[in-house]
Each structure stands twice: as structure tokens, then as C-alpha cells.
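Each chain, written out:
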Amino acid sequence: MEAQRGPTVLVTGGAGFVGSHTVVELLNNGYEVVVVDNLVNVYKGDGTLPVSLKRVEEITHKKVLFYNVDLLNPVLLEEVFRMHKIDCVMHFAALKAVGESVQIPLTYYKNNVTGSIILLEVMKKCNVKKLVYSSSATVYGTPQSLPLTEEHPTGQGCTNPYGKSKYFVEEMIKDLVFSDESWSAISLRYFNPVGAHESGRIGEAPSGIPNNLMPYIAQVAVGTREKLKIFGNDYDTPDGTGVRDYIHIYDLAVGHIDALKKLLEPSFSRWKVYNLGTGTGYSVLDVIKAFEEASGKKIAYEIAPRRPGDIASSYADAQLAKKELNWVARKTLLDMCRDMWRWQSNNPDGYATGPKV
Ligand code: UD1
């Protein structure tokens, strides 16, 4: 039976990794979805819909409304808002490669900060004043204490333009919300999203050499890369390698649905921040071991120098989301590796693999 159609959510960056998985859960939960994406980091395929969204349609058996629009273009963006009755915005669109952000900071600030300002201005003009923002645990900088609670200071020790842009936009949204009580917003601070949809049809498709651990390991397992470099084994952690809070992309997507429900409650009080993590840290060696178990492949690796800007450990205190959103991450590290492996082995070249549907 078709679920009753719910509110309409405009999703910026909905064709990307986190965006596409969240669109699946929005559609499965009866929301109407309008996707806006400039496809800068997305495999376009040869149709009007990018391949990731075609596959979202295939998974959900629902149509996805999509506009190839850049947030830096206020005229086109406003047209989209005028064409639909939007109740709420989920804002994912951003550039996210840490190293690249150091090389081309202005491009990052223009896309992530100016793009967000334009989005907020258009929302204001069109009287859409509810927002879920895709933030990152990177705003905490170097942890002063662990686990990281939402009260931990932010902005200090953000070492790169990507991280600073996430912090700046959070601050901007907060100032806006407190300047005008008709606005309300939730910022979700992600720890390390990994894995893929359990169907193996959508997943993370980094262009070029992956920057992040799990996509790199998956490419070693599938034979695209020869061996993993472990960036340091002399950290103050149980086995010397970096410890992170990996969270399955499905759990992360569900966290957005729960945040949205909270935001749409009449009693919601304007501005909240929630960590989305499991609360458990795993080392690089733990992840390698789990991936070997999930894939049945040996992951070749070597120890390399520390990566500049890396920290020893980062993991969430996820109690606030549990208490207020009734959300908990359910998937294990092995689930994350199994789903990642299904996606990677079925799509060794990401969305460019095989038939383009
Ligand atoms: C990185 C970003 C962070 C962003 C997050 C998104 C950096 C410095 N930080 O976090 O801002 O929000 O991704 O998921 O890039 N590792 C290796 N070899 C590799 C890759 C990674 O040993 O080839 C290690 C790292 O040193 C780290 C762990 O694996 O200990 C996780 O790294 P990664 O997946 O890049 O995530 P973060 O650094 O936590």
C-alpha cells in the first residue's frame, strides 16, 4: 500500500553519497523529494537523471524530481522553489576533500559558504524556513576530551578550509535562526560515514584516488589499488593506528529522517545540534580485519608517515540523539564492510561500471 504522501523536502546535493542514501529513506518514509544538484562530483551517465538517482528510483519504485542547478545561481534556484511547495530543506551540497580544500580554499569557501548564503536567502524569499544541515565532527577540531559531546568547543583547531567552511555555515545558520523566530534548523554532525545501501546499487564513488580509509580499502580488495598506506602506527591508541567512529550510511540516513520529524514538530525550539555516530571507535587495523572478513580478500598494507592534520582518536557521545530523536546506530562494523564490499565488487568503477542504469 502506498504510504500517505508527507511534506515536501528539497534536498541539495541529493545525487551524492550521503544525499542519495537519505533520498531513499525520505521516499521510503512517504516524503515528497525535490533534488537540486550541480553534479560536480557525480557520475552523470547519459540520461537526464544522474545514475545514482536512477538507482534510487529502482530501489524505491518512486520517481525522483531532479534539477541540475548550482546553489551559486540564485535565479535558477528560486525557480525551483517557486515550482514546488517546499516544506523543508536538507542541505548536503558541498565540496568535501580536505587536502584539495587547502590547495583551492576560495573554491571551497565559494561553494560551501557562499552557496549556503544564497540558499538561505532564496529560502527566506520563498518563505521556507526549516533546515536540516549536513555538518561534520570536523567542527570539533582536535578533541579536548572523548567521547565528543555536542558541548565540545567548535571552530578552534579546524585546520583546513573544508572544516572551517562547515563551522562557518553552522554559525551562520545559528545566527539566522536566533535573528528571526520564524526560522528553525537542526545541524547534524557526522562522524565517519561508510558502507553502502544493502542492495549494492548505490554507494560512495570517489573520483580519482580515494582520500578516506574505507573506499581505499575497498579498492585494494577489488584490485584497483595495490596496497593501503596506513598513515602512522605510533599514535596514542591501543594499536598505534588512528581511531574513528565509523557509521553505516543507512543509520546516518535514518538519523536525518528522525531529525526531520523533530524539526517538523510544532513544539520544536528553533536550533539543535546532534552528533550522528555509533559511540564506538575502531582503529585502522580493526577496519582492515573486518573488511578482510567481509570480503574474503587479503588487504595488503604498509606503514607510512602520519598524514598532516590527522588526530589520534575521534568518537562520538551519541546519547543526545538517542534521548531526543530516539535514534541509535544499529549496524556493526562488519555490516558496514559487507555492504561496502557488495557495492564495490558489483561496481568496481563506481557508477561508471557496466549498464548505466
Ligand atoms: C576525514 C576528514 C574529515 C571528514 C571525514 C569524512 C581528513 C584529515 N579529515 O576524516 O574532515 O569529515 O574524512 O568522512 O581528511 N587512513 C589511512 N590510510 C588512508 C586513509 C586513511 O591510514 O589511505 C587513516 C587515517 O589516518 C585515519 C583513518 O584512516 O586514522 C580514517 O581516515 P579518513 O577515512 O580519511 O577519515 P578522517 O581522517 O577521520
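Shown above is the structure to which this text applies.
Visitor: Any details on the packing of aromatic side chains? Residues and values, ideally.
Guide: A full pass over the atoms with the stated rule returns four aromatic pairs. Seen in terms of ring centroids, W343 and Y351 are 5.0 Å apart; in terms of plane orientation they differ by 55°. Their pairing is tilted. Of the two residues, W343 and Y351, neither departs from the other in class, the shared state being buried. Among the aromatic side chains, those forming a connected cluster through ring pairs are Y109, Y167 and F168. The side chain of R306 reaches across the aromatic face of Y235, ending 4.0 Å from its centre. Sitting over the ring of Y250, K331 keeps its end group 5.1 Å from the ring centre.

Visitor: So what's going on with the nonpolar core? Which residues, and what values?
Guide: Formed by 45 residues in total, the largest nonpolar core has its most connected members in V11, L26, L53, V56, M90, L188 and L276. Contacts of L276, omitting those with residues within four sequence positions, involve L188, R189, Y190, F191, I247, L252, G255, H256, A321 and W327.

Visitor: Describe the sheet that holds strand 9 (residues 243-244), listing the residues and the values that go with them.
Guide: The strand order across the open sheet formed by three strands is 12-9-14, and the pairing between neighbours is mixed. Strands at the two margins of the open sheet, each flanked by one partner only, are strand 12 (282-283) and strand 14 (313-314). Where strand 9 and strand 14 come together, two bridges link them in parallel fashion. Residue R244 lies in a different strand from strand 14, and its bridge partner there is S314.

Visitor: Let's hear about the pairing of strand 5 (residues 130-136): which residues, and what values?
Guide: Summarising burial for strand 5: six of the seven residues are buried, a large majority. Bridge count between strand 4 (residues 88-91) and strand 5: three bridges; the pairing is parallel. Of the residues in strand 5, the one forming a bridge with H91 is Y133. The β-α-β motif built from strand 5, the intervening helix 6 (residues 161-179) and the parallel element strand 6 (residues 184-190) has right-handed crossover chirality.

Visitor: Give a description of the sheet that holds strand 11 (residues 271-276) that names residues and reports values.
Guide: Ordered in space as 3-2-1-4-5-6-11, the seven strands form an open sheet in which the pairing is parallel. If you trace the sheet from one side to the other, it starts and ends with strand 3 (65-68) and strand 11, each paired once. Strand-to-strand, the axes of this sheet are offset by a mean angle of 20°, without reference to chain direction. Of the strands in this sheet, strand 5, strand 6 and strand 11 are in contact with helix 6, which crosses strand 5 at around 155°.

Visitor: So what about helix 2 (residues 51-60)? Which residues, and what values?
Guide: Each full turn of the α-helix corresponds to 3.6 residues, which orients residues three or four apart in the same direction. Counting buried residues in helix 2 gives eight out of 10 residues, a clear majority hidden from the surface. Among all positions in helix 2, only V51, S52, L53, R55, V56, E57, I59 and T60 are buried.

Visitor: Describe the pattern of salt bridges, listing the residues and the values that go with them.
Guide: By the definition in use, this model includes 18 salt bridges. A salt bridge links E78 to R82; its shortest N-O distance comes to 3.0 Å. Linking E78 with R82, this pair stays in helix 3 (residues 74-83), spanning four residues, or about one helical turn. R82 gets classed as exposed once you look at its relative accessible area, which sits at 52%. For E292, the salt bridge goes to K298, with nearest N and O atoms at 3.5 Å. Given the relative accessible area of 69%, K298 is considered exposed. Salt bridges linked by common partners bring E78, R82 and K125 together as one network.

Visitor: Give me the pairing of strand 4: which residues, what numbers.
Guide: Burial along strand 4 is two-sided: C88 and M90 and V89 and H91, pointing in opposite directions, are all buried. Pairing of strand 1 (residues 8-12) with strand 4, which is carried by four bridges, proceeds in the parallel orientation. Bridge pairing in strand 4 links V9 to C88.

Visitor: Describe helix 3, naming the residues involved and giving the relevant values.
Guide: Turning to helix 3, its buried residues are L77, E78, V80 and F81. Seen along its axis, helix 3 keeps its buried residues to an arc of 155°; they face one direction. With respect to the buried face of helix 3, the exposed residues turned more than 90 degrees away are V75 and R82. Against strand 1, strand 2 (32-37), strand 3, strand 4 and helix 5 (105-125) lie the buried residues of helix 3.

The rules behind these values
Residues numbered from 1 in each chain as written. Predicted model: local features only at pLDDT ≥ 70, side-chain atom pairs only at ≥ 80, totals over all residues. Heavy atoms only, no water. Phe/Tyr/Trp six-rings, centres within 6.5 Å; stacked < 30°, edge-to-face > 60°. Buried < 20%, exposed > 50% of the residue type's maximum accessible area, 1.4 Å probe, protein only. Lys NZ or Arg CZ within 6 Å of the ring centre and 35° of its normal. Core = buried A, V, L, I, M, F, W, Y, C linked by side-chain atoms within 4.5 Å. Contact = heavy atoms within 4.5 Å. Pairing = 2+ DSSP bridges. Helix = DSSP H or I, 4+ residues; strand = E, 2+ residues; numbered from the N terminus. Right-handed = clockwise from strand over helix to strand, strands pointing away. Axes fitted to C-alpha atoms, helices over the stretch in contact; angles between N-to-C directions. Salt bridge = Lys/Arg side-chain N within 4 Å of Asp/Glu carboxyl O. Arc of directions from axis to C-beta.

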